[in-house]
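# Survey of secondary and tertiary structure
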Amino acid sequence: MNILLELFVVTFKVLWAFVLAAAKWLVRPKEKSVAGQVCLITGAGSGLGRLFALEFARRRALLVLWDINTRSNEETAGMVRHIYRQLAEAAPRAGDDGEKAAPPHCNLQVYTYTCDVGKRENVYMTAERVRKEVGEVSVLVNNAGVVSGHHLLECPDELIERTMMVNCHAHFWTTKAFLPKMLEMNHGHIVTVASSLGLFSTAGVEDYCASKFGAVGFHESLSHELKAAEKDGIKTTLVCPYLVDTGMFRGCRIRKEIEPFLPPLKPEYCVKQAMRAILTDQPMICTPRLMYMVTFMKSILPFEAVVCMYRFLGADKCMYPFIAQRKQATNNNEAKNGI
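This one's a predicted model, so the numbers in the text were calculated from it and none came from an experiment.

### So, the environment of Val-34
With respect to the element layout, Val-34 can be found in the loop between helix H1 (3-26) and strand E1 (38-42). On a C-alpha basis, the gap between Val-34 and Ala-305 in space is 45 Å, while along the polypeptide they are 271 residues apart.

### Details of the nonpolar core
By size, the foremost hydrophobic cluster in this structure holds 64 residues, and its most contacted members are Ile-41, Phe-52, Phe-56, Leu-63 and Met-319. Discounting chain neighbours no more than four positions away, the residues touching Ile-41 are Gly-49, Phe-52, Ala-53, Phe-56, Leu-63, Val-64, Leu-65, Trp-66, Val-141 and Asn-143.

### Topic: the UniProt feature "transmembrane region" (unreviewed entry) in the protein chain
When the UniProt feature table is mapped to this numbering, "transmembrane region" (unreviewed entry) covers residues 7-27 and 33-53. For residues 7-27, the helix share is 95%, the strand share is 0%, and the end-to-end C-alpha distance is 30 Å.

### Considerations on the pattern of salt bridges
Applying the stated criterion across every chain, the model contains 14 salt bridges. Measuring nitrogen to oxygen at the nearest pair gives 2.8 Å for the salt bridge that ties Arg-59 to Glu-55. Glu-55 gets classed as buried once you look at its relative accessible area, which sits at 7%. Notably, a salt bridge pairs Glu-184 with Lys-181, separated by 3.2 Å at the nearest N-O pair. In this pair, Glu-184 and Lys-181 are both assigned in helix H5 (residues 157-185), three residues apart and thus about one turn of the helix distant. Take Glu-184: its relative accessible area is 57%, and that puts it in the exposed class.

### Section: the packing of aromatic side chains
Summed over all chains, the structure comprises six aromatic pairs. Grouped by ring-pair contacts, the aromatic residues Tyr-124, Phe-172, Trp-173 and Phe-218 constitute a single cluster. Over the aromatic face of Trp-173 sits the side chain of Arg-120, whose NZ or CZ is 5.5 Å from the ring centroid.

### Things to note about the sheet that holds strand E5 (residues 188-193)
Strands sit in the order E3-E2-E1-E4-E5-E6-E7 across an open sheet of seven strands; the sheet is parallel. The sheet is open, and its two borders are formed by strand E3 (110-114) and strand E7 (284-287), each paired with just one other strand. In this sheet, neighbouring strand axes are inclined to one another by 15° on average, regardless of whether the strands run parallel or antiparallel. The pairing of strand E4 (residues 139-142) with E5 spans four bridges and is parallel. Note that in E5 the partner of Asn-142 across the bridge is Thr-192. Here helix H2 (residues 47-58) sits on the sheet and contacts E1, strand E2 (62-67), E4 and E5; the angle it forms with E1, its principal contact strand, is near 170°.

### Brief notes about the state of the cysteines
Applying the stated criterion to the full structure yields zero disulfides. Unpaired in terms of disulfides, Cys-39 finds its nearest cysteine sulfur in Cys-115, a separation of 15 Å. For Cys-39, a relative accessible area of 1% corresponds to the buried category. Not engaged in a disulfide, the cysteine Cys-252 finds its nearest cysteine sulfur in Cys-318; these two sulfurs lie 4.0 Å apart.

Rules of the game
- Residues numbered from 1 in each chain as written.
- Predicted model: local features only at pLDDT ≥ 70, side-chain atom pairs only at ≥ 80, totals over all residues.
- Heavy atoms only, no water.
- Helix = DSSP H or I, 4+ residues; strand = E, 2+ residues; numbered from the N terminus.
- Core = buried A, V, L, I, M, F, W, Y, C linked by side-chain atoms within 4.5 Å.
- Buried < 20%, exposed > 50% of the residue type's maximum accessible area, 1.4 Å probe, protein only.
- Contact = heavy atoms within 4.5 Å.
- UniProt positions renumbered as here; feature names shortened; annotations may be inferred.
- Salt bridge = Lys/Arg side-chain N within 4 Å of Asp/Glu carboxyl O.
- Phe/Tyr/Trp six-rings, centres within 6.5 Å; stacked < 30°, edge-to-face > 60°.
- Lys NZ or Arg CZ within 6 Å of the ring centre and 35° of its normal.
- Pairing = 2+ DSSP bridges.
- Axes fitted to C-alpha atoms, helices over the stretch in contact; angles between N-to-C directions.
- Disulfide = S-S within 2.5 Å.

Quick look at the structure:
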């Protein structure tokens, strides 16, 4: 094809993409059903992972929960079973408006597995158990994450490696474990729970930022690979929230005059926004929407201008109080144990 004609076609497609994006802002797309589909969530024992599990349970997905903490993972499973019982008691056999009958309660189950996603062999072994005991995974939510809470020169190498393994490398292992069947069926959804710190960084959490930047890069490259392979039945969603009030970054503070306008996100709000994006096949969701603007500004402004903006917002050293609290807690624990 003549290159000028191709350029015209590409220009039209780009403009049409803007039109479709604007239309989705004005008219909310219909959410897809995940009823009866196997949904695997890593880091499901607490925080956002637990809330994701509850939201998928309310939509009658069959849950597979992974966490390194067996006890907390079982607590999440108990909450999921409670939701299943409520659904069984409340839901009719078939919709009055002619919709397809909801799956019976007996088919709704939750499976728990103790898995350290930072260890490749553990991921592959547990994934094989899931395939044998549950079936093939349709929705993969890579949510597990850790933070060391140390300045670079004070952070033990082992903690840096741990952060990279759990927050980034684990996405490779879980995806390699479950993507082949998705490709065969041309059906599935891969969700990467990253962070706004995977789009722009701040001081004091170099390992965490690097791991989240890596997760974002992995997700974007995977999305392009699926498009290149014309596997349009496999959807991907990148979740990049601002600071979430789960306690993971307790003590993090921006400028006090700015805090009322940009408070930490409520976990429930964050997950509901992410679920809306997942169920409408939205490729990326940043919460709050101001994060889109911050990312855009970081991309076009000179570095010194970004530094000035960070200092004005108090974002340049926002992690320092958090790191100080973690250090104090560590010292107190060492003193308590006589170390």
